[in-house]
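# Summary of the model geometry
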Amino acid sequence: MRIRIVGAGAMGRGIAQWAASAGHTVELADVRPEAVREALGFVASMLDRAVAKGRMSAADREASVARLVPLADPWAAGPHVELVIEAVREDLETKAEVFGKLERALPASTVFATNTSSLSVTRIAATLQDPTRLAGLHFFNPVPLMRIVEVVPGAATRPEIPALLTALVEGCGHRAVTVADTPGFLVNHAGRGLVTEALALLEESVAEPAEIDRIARDVLGLRMGPFELMDLTGLDVTAAVIDSIWLGFRHEDRLRPSFLTPNRVAAGLHGRKTGRGWYGDGASGPAPESPVTGDGERPVFLVRGGRPETAAYEEELAGALEAAGVRIERGARPSAEAVVLVPVWGTAVSAAVAADGLPRERTFGVEVLPAAGRRRVLAVTAAGDATAARDARAVLARAAGDGEPYAVSVVRDTAGSVAQRLLSSVVAVGCSIAERSLAAPADIDLAVTTGLGYPAGPLAWGERVGAVRMLALQRALHATTGDPRHRPTRWVTERAALGLALTDPGTSPADCLG
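Bear in mind that the values here come from a model prediction, so they are computed numbers and not experimental data.

For helix H9 (residues 209-218), the tally of buried residues reaches eight of ten residues, placing the bulk of the element in the interior. Inspection of H9 places Pro209, Ala210, Glu211, Ile212, Asp213, Arg214, Ile215 and Ala216 among the buried residues, and these make up the whole buried set. Considering only its buried residues, H9 is in contact with helix H8 (192-203), helix H10 (226-233), strand E12 (375-380), strand E13 (407-412) and helix H16 (417-435).

Turning to the packing of H9 against H16, a few remarks are in order. At a closest axis distance of 10 Å, the pairing of H9 and H16 adopts a crossing angle of 70°. On the basis of their axis angle, the class for H9 and H16 is roughly perpendicular. The handedness of the crossing between H9 and H16 is right-handed. When H9 is examined against H16, the residues Ile212, Ile215 and Ala216 are found in contact with a partner set consisting of Val418, Ala419 and Leu422. Residues of the contact of H9 with H16, tallied by class, amount to six nonpolar, no polar and no charged.

Another aspect to go through is the nonpolar core. One finds Phe227, Leu341 and Leu422 to be the most contacted residues of the largest nonpolar core, which totals 114 residues. Top contributing element to this core by residue count: H16, with ten residues. When neighbours within four sequence positions are excluded, Leu341 is seen to be in contact with Val300, Phe301, Leu302, Val303, Leu321, Phe364, Val366, Leu378, Ala392 and Leu396. Core analysis: the second largest hydrophobic core is formed by 36 residues, Ala20, Ala35, Met56 and Leu165 among them.

Read from one edge of the open sheet, eight strands run E3-E2-E1-E4-E5-E6-E7-E8, paired in mixed fashion. Whereas interior strands pair on both sides, the edge strands pair on one side only; in this sheet they are strand E3 (68-71) and strand E8 (175-178). Along the sheet, successive strands turn relative to each other by an average axial angle of 25°, direction set aside. In this structure, strand E2 (residues 25-29) lies alongside E3, joined through four bridges in parallel fashion. When the bridges of E3 are listed, Ala29 appears paired with Leu71. Of the strands in this sheet, strand E1 (2-6), strand E4 (83-86), strand E5 (111-114) and strand E6 (134-138) are in contact with helix H4 (residues 92-105), which crosses E5 at around 165°.

The tally for this structure, following the rule as stated, stands at four aromatic pairs. Seen from their ring centres, Tyr454 and Trp461 are 6.3 Å apart, and the 65° between their planes marks the pair as edge-to-face. Neither residue differs from the other here; Tyr454 and Trp461 are each classed as buried. It is Arg133 that lies over the ring of Phe112; its NZ or CZ is 4.0 Å from the centre. The aromatic ring of Tyr406 is capped on one face by Arg376, whose charged end is 3.7 Å from the ring centroid.

Here is what the cut-offs are and how they apply
- Residues numbered from 1 in each chain as written.
- Predicted model: local features only at pLDDT ≥ 70, side-chain atom pairs only at ≥ 80, totals over all residues.
- Heavy atoms only, no water.
- Buried < 20%, exposed > 50% of the residue type's maximum accessible area, 1.4 Å probe, protein only.
- Helix = DSSP H or I, 4+ residues; strand = E, 2+ residues; numbered from the N terminus.
- Contact = heavy atoms within 4.5 Å.
- Axes fitted to C-alpha atoms, helices over the stretch in contact; angles between N-to-C directions.
- Parallel < 35°, antiparallel > 145°, perpendicular 65-115°, else oblique.
- Left-handed = near helix turned anticlockwise from the far one by under 90°.
- Nonpolar A, V, L, I, M, F, W, Y, C, P; charged D, E, K, R; others polar.
- Core = buried A, V, L, I, M, F, W, Y, C linked by side-chain atoms within 4.5 Å.
- Pairing = 2+ DSSP bridges.
- Phe/Tyr/Trp six-rings, centres within 6.5 Å; stacked < 30°, edge-to-face > 60°.
- Lys NZ or Arg CZ within 6 Å of the ring centre and 35° of its normal.

The values reported here are purely geometric and, on their own, carry no functional implication.
Given below as structure tokens:
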């Protein structure tokens, strides 16, 4: 295929490298001729690096470079150009001008694709004389390494074009997911679950950014915590995406922005790009944790609620603590010496203190999600005694088996604790995408794991927990907080009632008609 790429910036050059390496002839054009020269030099250097690392042969490198055709005039006639991929700046008027000129220069058979990440594909297409020829083809940076591409049909896009673009993407070694032309498309939309909930936790002073990041990494298994991620991508970019998606979905509560971001953006606290972010100096990660200083020999009374959501974890935690030499008290009430640990699932420790008459100074919550790493989470109420909390932390840090101690995060009491709220939000946003039929369940999970690097897609992640247990978590969070951002999704509610997996697309009305 002969492909013309208009825009030789970071995305354009990445798309050019990807397409040329896969065997396509690539015309690379930009209104700035020097940008084309720089881009060709950059692509050649990337291919040289691939040869040096043994990922490409020297002959393949030469053939790929030969397929790159610099174009002095982006609007030159091109009777043999089959596809144009636009990769200019994110501005509707600019993109409309580019496609208007291309429409006059190229045959009616040439398919147009925009790499927009935030603009409506339908609105871009509406500026053309023939809006049926354009679709979205959203790559992620760096293009050769991010092996996922969103194919986005506009409202008027001809039905054969998404299939053509999907075949191109997969023929070049990437995965394609077809998504609806809605704000944020799929990956950016799905990614709001983590960062918006992290910001909400910070708003409520549940924990500092470093602690939330540690829990996200060591309990949920994420490669980067949400605040580390915002520092990497830039808070200015993240805040703009959050706002645009929230506005685009007409103030959907699950996507609600934080009051914390506007002032930080205005102050230039964007993260690594400005040297100042959530970690003050733009550092790449959290500062060292505070050492464990409490009395790890103190006995523990573990509250056993008998609920299916926490029963297995209660037994697992009791066994692990006993194996580490912790004295677990048995009986109906804790002794005057014991620290009291309450496994929570969508509820607050303070509610258990009030309901069960537990000693408020020495009763603490403990996270019930199984950790991806050696970390436990202790939740402290406003009535908690600091010495007792330090002792509870020391007890939870005690190791079993291999002798390696646990890290223990200390957070303010909140419904469900930090990890449960983050996970519930990720799953809820993913499920809301599925229930709106914005993308197929399998594509949602594929796009999120590939595009965001999560250990599982939101639907598969929720399925690990189980639809019934996820529903109990969402109902408890909603009832405890009263915040509509936590309301159960229809997708989870229905599948819990029917015994279906969260990954199951289910039967649609269309399935029943033919």
